[in-house]
Amino acid sequence: TKLNFSSALEEERHVRANDRDYNERFSYADNRIKTAKYNVFTFLPINLFEQFQRFANAYFLVLLILQLIPEISSLSWFTTIVPLVLVLAITAVKDATDDYFRHKSDQQVNTRQSQVLIKGKLQNEKWMNVRVGDIIKLENNQFVAADLLLLSSSEPYGLCYIETAELDGETNLKVRQALTVTSDLGDDVAKLADFSGEVICEPPNNKLDKFTGTLCWKDNKYSLDNEKMLLRGCVLRNTEWCFGLVIFAGLQTKLMQNCGRTKFKRTSIDKLMNTLVLWIFGFLICMGIILAIGNTIWEQKVGSDFWEYLQWKELTINAVFSGFLTFWSYIIILNTVVPISLYVSVEVLRLGHSYFINWDRRMYYSRKDTPAEARTTTLNEELGQVEFIFSDKTGTLTQNIMVFNKCSINGKTYGDVYDEFGHKVDITEKTPCVDFSFNPLMDRKFRFHDSSLVEAIKLEEPLVQEFFRLLALCHTIMPEERNEGELVYQAQSPDEGALVTAARNFGFVFRSRTPETITLYEMGQAVTYQLLAILDFNNVRKRMSVIVRNPKGQLKLYSKGADTILFDRLDPSNEELMFTTSEHLNEFAGEGLRTLALAYKDLDEDVFDEWMKKLLFASTALDNREEKLGALYEEIEQGMLLLGATAIEDKLQEGVPETIACLTLANIKIWVLTGDKLETAMNIGYSCNMLRDDMNTVFIISGHTMLEVQQELSKDKFSSGLDMEKTELYSSDSVFEETIIAEYALIINGHSLAHALEADLEQILVDVACLCKTVICCRVTPLQKALVVELIKRHKRAVTLAIGDGANDVSMIKTAHIGVGISGQEGMQAVLASDYSFAQFRYLQRLLLVHGRWSYHRMCNFLCYFFYKNFAFTLVHFWYGFLCGFSAQTVYDQWFITLFNIVYTSLPVLAMGLFDQDVNEQYSLRFPNLYRPGQLNQLFNKRKFFTCTLQGVCTSFILFFIPYGAFMTAVRDDGAHISDQQTFAVTIATSLVIVVSVQIGLDTNYWTAVNHFFIWGSLAVYFAILFAMHSDGIFTIFPNQFPFIGTARNSLNQKIVWLVILLTTVVCIMPMVAVRFIKADLYPTQTDKVRLLQQATRKQGPQEQNLRRVRRTSSRRSAYAFAHQQGYGELITSGKNMKVPTSSTSTYPLSSPTRGLTGTSSASICKCFRHQKH
Amino acid sequence: IMASSYGAKEEDGHHPGSAGLGGAAIRTKKPDNTAFKQQRLPAWQPILTAGTVLPAFFIIGLIFIPIGIGLYVTSNNIKEFELDYTGTDMSSPCFNCSQSWNSTNTCKCELFFSLDQPFESNVFMYYGLSNFYQNHRRYVKSRDDSQLNGDERSLKEPSKECEPYRTNENKPIAPCGAIANSMFNDTLDLFYIDPNGKKRPISLTKKGIAWWTDKHVKFRNPGGSNSNLTTVFKDTAKPVNWHKPVYELDVDIENNGFINEDFIVWMRTAALPTFRKLYRIIQKNNDMTPTLPRGNYSLAVTYNYPVRSFEGRKRMILSTISWMGGKNPFLGIAYITVGSICFFLGVVLLFIHHKYGNRNNSSDIAS
């Protein structure tokens, strides 16, 4: 609270470097992180306080107190305290373990070491001791400890590279650059210690991509932006060291501000349960009032005449007061309708279900040795009710690995493998790979299966060579060669990396570059090309080109880009080739590959000189520079010759399309929320089968203003189409719903989403989006992801599940009802914030359709039975009230009341709740629509509750009145009387135990040995305890506690008692059997049908299962493989990101003419390419 | 919480499974392949099908109806005679007693009745009370079981539950509590009036009317082997309503004090406000004559027990018994009814199943 308070006041942050005294005045948060709730001393009071804040616990505490008042105590204190202590203890142990792990992880983070500049010296300090205003030194591959202002780094121009995977999930490197004034400080500790700049900046906030502030130093002001910040959670890469000034620390860092508050997640059943408990409570009070009124009347009419034998005690002044006391007495007696052991049992069940998830070998990923993990144990049954899945893309649906898969060169495709009969062979792990051993510089991880391409290379076919030369030249990758031959490419996008790596393995090794040259090893020969211009990529151009001069002096333009764009700019002579290539592209796209077309062009010296002059002129133009440049690029990229096309596989995680198809059949809507670009996202949409060619329309919303978005959302055709759908939807059966929705898909980008999420438009957005089969949101920020989830939660009242792997998914994982983290990847942010984690997206299918469904089914059956059982048990007292003068006399023995819920009936229902399987796992997966009842909330809702409580009421009625009828005149077979209270109690209790045991037997679909053991065992234990408690021995020890001595013997040896028990059982059970049978026979649910099928199959023996194969039907061009950002051409040509050549590693002299330029004078030709709006 | 991930990540970096060469020595996190953990426990999976449900209904019907008939017939064969001697009616001989009751004078009245049928075998004589709330919570609680079990301390310090019948004139009451205080104390005597008008007393056995466990375990006189109950109960007071102290309930030492069977029977509180308790047994004679032949009888009542204030009724019941106990038409009728309903339901279900039931509904599963 203190933090919020100060940040609410903080309007501007003042930080003075190296001046702790000054900074302390503002009491900024330090770098310690505390997530734990208790310590050793505060645990017991705080935990108990928290527990008693829960309604149920408080209720039972009040009951306990009531029971201690002798005037109203109708039950002994032990009937309540035993279960209550049990509940409290179990919960406390659980809370304590949770908190222990939080302490441990806090400790681990807080005690990390970092080097802090204190009093002119670098000292190792724990993270938690880092203060705002400190200067700290980071080394390569270290985590950034707090939000830092970059001061200086080991790289030239104060550049440093960071990986922001923890923040936004992007694994590519990002560049940060220090101010020139500060980067001059270098690593001179003395100078840094003297640095006394003051930063004035924005208060802490959660915007990861924005920072504004100014640095005042030596009477100069320098403006600061996000490009100069290193945020907590980033990792320093490729930078030996850097120094930074702490601006935000601890909980005020942008990372922590983005965390959002950890909300205690509760399932809808939990909430329903609480409502129901309240209702039951109301019902209890009503019964209490009825009986109290009854008591008042009885005392007045009958009781006062009965004084002779039964006087009022001194305390009882009059009948009304007696009624008042009776009210409380009845509250105590009937308290068992609010089932105290319900909460414990539910916790136990969920814990058990969680263990089953942890133990599941089919959700264990052996390659990473990661089993599935249920990190929270409170949400299991909600897994069976999910309606919306929000999925991240990168790392979740895809592996974020790009693989050069196929190519088409001059009208011939390579990449497929054929057997001797000329049939295409499916490529598996076992397919032999092409041997690249001829090439010492190859990348060992690269795999290619079609040897004909290598043969073509070896035959030195010019076009094939040109193809790979293009791939090796036309890109913006930075190479790094630590040791001879050990090349590492720093790629902006994994696509480029894949292409250049492919070229490398096929003998066109991109080895090094300077701002003006590119050196290749072409089949072992070093060839240096002069780099004349980079015509960089942007969203509009969808292509990039380079102009190089080869060693022979020829000028060449190499271009790669989206096929549709390049095909328009080809030489007319290429038409035939274009046609063939186009077919190949369709083929590639049909397989879900990301395609690129490649083209080249020879340039005339004169034409190029002319063009270069115009380019120089345009790049200095003041207005419309970008358009002018664009036009110039357009001019030179004409009349190109087509070389071919590449096809890159954005490797999906295993089984993703099948999983999505299966989940879709289960009527789960899957939305993809990704930070990626529109094209990439759509591409994945197609390869995952979420977008298909047979969809009527794919709506793309990409407006920049509110108005645009509104218009796009309510476009004429769009809205009319949807309106029509709507009316149809509402008028028709839900069966048709799916087929109607199937036709549409919605793709919306981050800008538009920001507008669409505003209050005016959100309703439209929800309406539109929910009518679409597929929704993809791209370019969304972490917070927007959460907002989208929140939106659906608010408007649809459906259960949502968010799945992701990166820190950028944390907010949505926390917001959704259920958060799933993909584990075993880099970064554990998502996993730590998640409720469930496993290694592969495809396990989601099993988690939901098997575990979730079972959990839901079990929990619902459990609850129904539990309420039934408690009503049947308790309401007998209500009926008895009418016959015992409303005096709150219990029907049963006190011990029976104490033990009924926790001993006699708890284990069978627990066994059912743990092991029951209505349909086995194969059938659960085979018939995904078995998932439907969960989404519709059919198995446990208010109606179900009424049904099962009504059944309980009826059972209690029968339980009471059949023995009543039978015992009115009954005597034993030796003439002694039998209609005494104790025999009555034993008869009813025995009937009750048998009836509820038979009922649980009917409810159990899956009788394992454990179920048998528990059900028969419970009955046996009941009789054992009954006879033990009614035995002579125990009576002689505690005569006042066990007054039922001999009752069991004397009543259970009577035939009439057993006849009564048998009759009661049959009357209680048979109507239920009849109703269930009729229901299953006349209106069988899907589950009933599948169970019958399952039984039939089992009888016939194992049958061949025809698993539905999911075929990819998409034939869409997925031609937008560029996933990288623009602007890197400029960095390359300016030479800013080139390292100073060190003595041994580089074979080639890297003399660069631009080397002399300072950071600010990088007004090279490419300066102008910069910062077009995304 | 987020920040804590770095640690976990580092740990994750070198998990044991990555080595790959160590073979069996390496512990992976792979879950065990046991039927229990994989939820593949062998199981019986019953389904409610026509094949199981319909026979169940028929079988229940076929079992219940004969049982019901048997019960009904047995119950009808039991001879029972009931005589209300409350005396609320002006014409009743006990009217006077019921009107002017006081604890000092004993009031006697005699009622005449005749039995139409002879009662064979042992005949049991009950007293029945109506509208008497022996099951009221305050009443039920008002006893001290350890006192009744002969505990000396409880004899001197009866339980608080006995209030307001705990002490009298500073002496502890033995037996304490409302139940004991309200013990039924009418004396009933039965006479056979033979055809020549002569009254012959019928011998009534008062032993064996209580449960064996009650008599021998639950109830014990204090003082152990001391057979002189007078000294044992010396410092105690008799219950307020009683005429004589507890040690004068009977002359027989085996039936006196707390182990007096009339007392024990009374102390076993009835479940319902209308109840009957065994009073005496009329043992069957050895000869061939019925225990109670047809004819006229008279019941002599020593009227001590007032019920008029709460509109209670007092009855004397004579009954024979069978294997199933006393006369009990309810069970027989209930069994016949339930059995018939089950059978009928079976027929209805069979009809519904044949006519409308979807017997091969597994074929149309929409998947």
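All residue numbers here refer to positions counted from 1 along the written sequence of the relevant chain. Here chains are named by letter from A upward and ligands by number from 1 upward, in the order in which they appear as written. Where local features are concerned, this predicted model is filtered to residues with pLDDT of at least 70; where side-chain atom pairs are given and counted, the filter is 80 or more; whole-chain, interface and lining totals use all residues. Derived side-chain values reflect all non-hydrogen atoms in the structure, with water molecules and hydrogen atoms excluded from consideration.

Under an unreviewed UniProt entry, chain B has the name Cell cycle control protein and belongs to Cyprinus carpio. UniProt positions are given in the numbering used here, feature names are shortened, and annotations may be inferred rather than shown by experiment. The Sequence similarities (unreviewed entry) field of the UniProt record for chain B holds the comment "Belongs to the CDC50/LEM3 family."

Looking at an unreviewed UniProt entry, one finds chain A named Phospholipid-transporting ATPase and attributed to Cyprinus carpio carpio. UniProt lists a comment for chain A under the heading Catalytic activity (unreviewed entry), and it reads "ATP + H2O + phospholipidSide 1 = ADP + phosphate + phospholipidSide 2."

Trainee: Which residues make up the UniProt feature "active site" (unreviewed entry) in chain A, and what values do they have?
Mentor: Residue and element names in this part refer to chain A. The positions that UniProt labels "active site" (unreviewed entry) are, in the present scheme, Asp392. Position of Asp392 among the secondary structure elements: in the loop between β15 (386-391) and β16 (398-409). The contact criterion used throughout is that any non-hydrogen atoms of two residues lie within 4.5 Å. Those residues in contact with Asp392 that lie beyond four places of it in its chain are Leu397, Leu673, Thr674, Lys785, Ile803, Gly804, Asp805, Asp809 and Met812. Polar contacts, as counted here, are pairs of nitrogen or oxygen atoms within 3.5 Å of one another; within protein the pair requires one atom able to donate a hydrogen and one able to accept it, and residues that are adjacent in sequence qualify only if both atoms are side-chain atoms. A distance of 3.4 Å separates a polar atom in the side chain of Asp392 from a polar atom in the side chain of Thr396. Secondary structure counts use DSSP, requiring at least four H or I residues in a row for a helix and at least two E residues in a row for a strand, with both numbered from the N terminus.

Trainee: Provide a residue-level description of the interface of chain A and chain B, including the pertinent values.
Mentor: Each partner contributes to the interface: chain A provides 135 residues, whereas chain B provides 114 residues. It is Tyr309(A), Arg361(A) and Phe1077(A) that lose the most area in chain A upon contact with chain B, and together they represent 8% of the buried surface on that side. Should a side-chain nitrogen of Lys or Arg be within 4 Å of a carboxyl oxygen of Asp or Glu, the pair is scored as a salt bridge. Summed over the shared surface of chain A and chain B, the number is 2 salt bridges. Across the salt bridge formed by Arg138(B) and Glu299(A), the nearest N and O atoms sit 2.9 Å from each other. Here the buried area means the combined drop in accessible surface, using a 1.4 Å probe, for two parts upon being joined, counting both sides.

Trainee: Which residues make up the UniProt feature "transmembrane region" (unreviewed entry) in chain B, and what values go with them?
Mentor: All names here are of chain B. The UniProt record marks residues 47-73 and 330-352 with the feature "transmembrane region" (unreviewed entry), using the residue numbering of this structure. This span, residues 47-73, is 89% helix and 0% strand, and a straight line between its end C-alpha atoms measures 39 Å. Along residues 330-352, the helical share is 100% and the strand share 0%, with 32 Å between the first and last C-alpha atoms.

Trainee: Which residues make up the state of the cysteines, and what are the values?
Mentor: Residues and elements named next belong to chain B. Two cysteine sulfurs form a disulfide in these notes if their separation is within 2.5 Å. The full count for this structure, using the stated rule, is 3 disulfides over all chains. Here Cys94 connects covalently by a disulfide to Cys109, the sulfurs 2.0 Å from one another. Disulfide Cys94-Cys109: torsion about the S-S bond near 85°, hence right-handed. Here Cys109 lies in strand β3 (residues 107-115) and Cys94 lies in the loop between β2 (80-84) and α3 (95-99), a separation of 15 residues in the sequence. One exposure class covers both Cys94 and Cys109, and it is buried. Here Cys97 engages in a disulfide with Cys107; their sulfurs sit 1.7 Å apart. The S-S bond linking Cys97 to Cys107 shows a torsion near -80°; that makes this disulfide left-handed. Here Cys97 is found in helix α3, whereas its partner Cys107 is found in strand β3, with 10 residues between them in sequence. Burial status follows relative accessibility: with a 1.4 Å probe on protein chains alone, a residue under 20% of its type maximum counts as buried, one over 50% as exposed, and anything between as partly exposed. Accessibility expressed as a relative area gives 2% for Cys97, which makes it buried.

Trainee: Run through the nonpolar core, naming residues and quoting values.
Mentor: As used here, the term nonpolar core means buried Ala, Val, Leu, Ile, Met, Phe, Trp, Tyr and Cys residues forming a set that is joined through side-chain atoms within 4.5 Å. The biggest cluster of nonpolar side chains holds 209 residues, and the ones touching the most others in it are Trp266(B) and Leu318(B). Per element, the largest residue contribution to this core is 18 residues, and it comes from helix α30 (residues 843-881) of chain A. The residues touching Leu318(B), leaving out its near neighbours within four places in the chain, are Lys79(B), Glu80(B), Phe81(B), Phe113(B), Phe119(B), Val123(B), Phe124(B), Met125(B), Leu190(B), Ile282(B) and Leu292(B). Counting 54 residues, the second largest nonpolar core, distinct from the first, contains Phe468(A), Cys474(A), Val500(A) and Ile518(A).

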